[in-house]
Amino acid sequence: MKVLRIILQIVLTAFFMTGMFLCFISGAPSSGGNRLMYIIFAAGFSMVLAVFVNGCLIYIKRLRKRVKELENEIDNFMNHSHKLDK
């Protein structure tokens, strides 16, 4: 299941990045040296943005896992707190 999730994330990231790149280069100048620079910067920006979005999603997933762990610790403490009162 974990491998499938990783493969799906890679495929969706590539799809997202390709779509952004195609949208960016549709407004590129029609000729000259500026066209090549525009395409290079569009490719770089689409890659950086895709990596940033994936990084945010991974960070949010990690934080949710940490919150769940802390909630379990609080529950354990509350369930055993009556033993501390004695």
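Coordinates for the structure precede this section.
Cut-off values and rules
Counting from 1, residues in each chain are numbered in the order their sequence is written. Owing to the predicted nature of the model, reporting of local features is limited to residues with pLDDT of at least 70; listing and counting of side-chain atom pairs is limited to 80 or more, with chain, interface and lining totals taken over all residues. Side-chain measures here rest on the full set of heavy atoms in the structure, leaving out hydrogens and waters. One speaks of a salt bridge when a side-chain nitrogen belonging to Lys or Arg is within 4 Å of a carboxyl oxygen belonging to Asp or Glu. Runs of E in the DSSP output that reach at least two residues are strands. Runs of H or I that reach at least four are helices, and both are numbered from the N terminus. Each residue is placed in one exposure class: buried if its accessible area under a 1.4 Å probe, protein chains only, is under 20% of its type's maximum, exposed if it is over 50%, and partly exposed if it falls in between. What makes two residues a contact is simply this: any of their non-hydrogen atoms within 4.5 Å. In summary, the pairing rule links any two rings of Phe, Tyr or Trp, Trp by its six-membered ring, whose centres are within 6.5 Å, and it sorts them by plane angle into stacked for under 30 degrees, edge-to-face for over 60 and tilted for everything else.

Q: So what about the pattern of salt bridges? Which residues, and what values?
A: Following the criterion strictly, the structure yields one salt bridge and no others. Between Arg66 and Glu69 there is a salt bridge, with the nearest N and O atoms lying 3.4 Å from each other. In this pair, Arg66 and Glu69 are both assigned in helix α2 (residues 33-85), three residues apart and thus about one turn of the helix distant.

Q: Lay out the side chain of Ser46 in plain terms, naming residues and giving numbers.
A: With respect to the secondary-structure elements, Ser46 resides in helix α2. Looking at Ser46, the relative accessible area reads 1%, which means it is buried. Once residues within four sequence positions are removed from consideration, Ser46 is found in contact with Met17, Met20, Phe21 and Phe24.

Q: Got a sec to walk through the packing of aromatic side chains? Specific residues and values, please.
A: The full count for this structure, using the stated rule, is one aromatic pair. Taking 5.5 Å as the distance between ring centres and 50° as the angle between the ring planes, the aromatic pair formed by Phe24 and Phe45 counts as tilted. Of this pair, Phe24 sits in helix α1 (residues 2-25) while Phe45 sits in helix α2, placing them 21 residues apart in sequence. Given the relative accessible area of 26%, Phe24 is considered partly exposed. Among the residues examined, Phe45 registers a relative accessible area of 45% and is labelled partly exposed.

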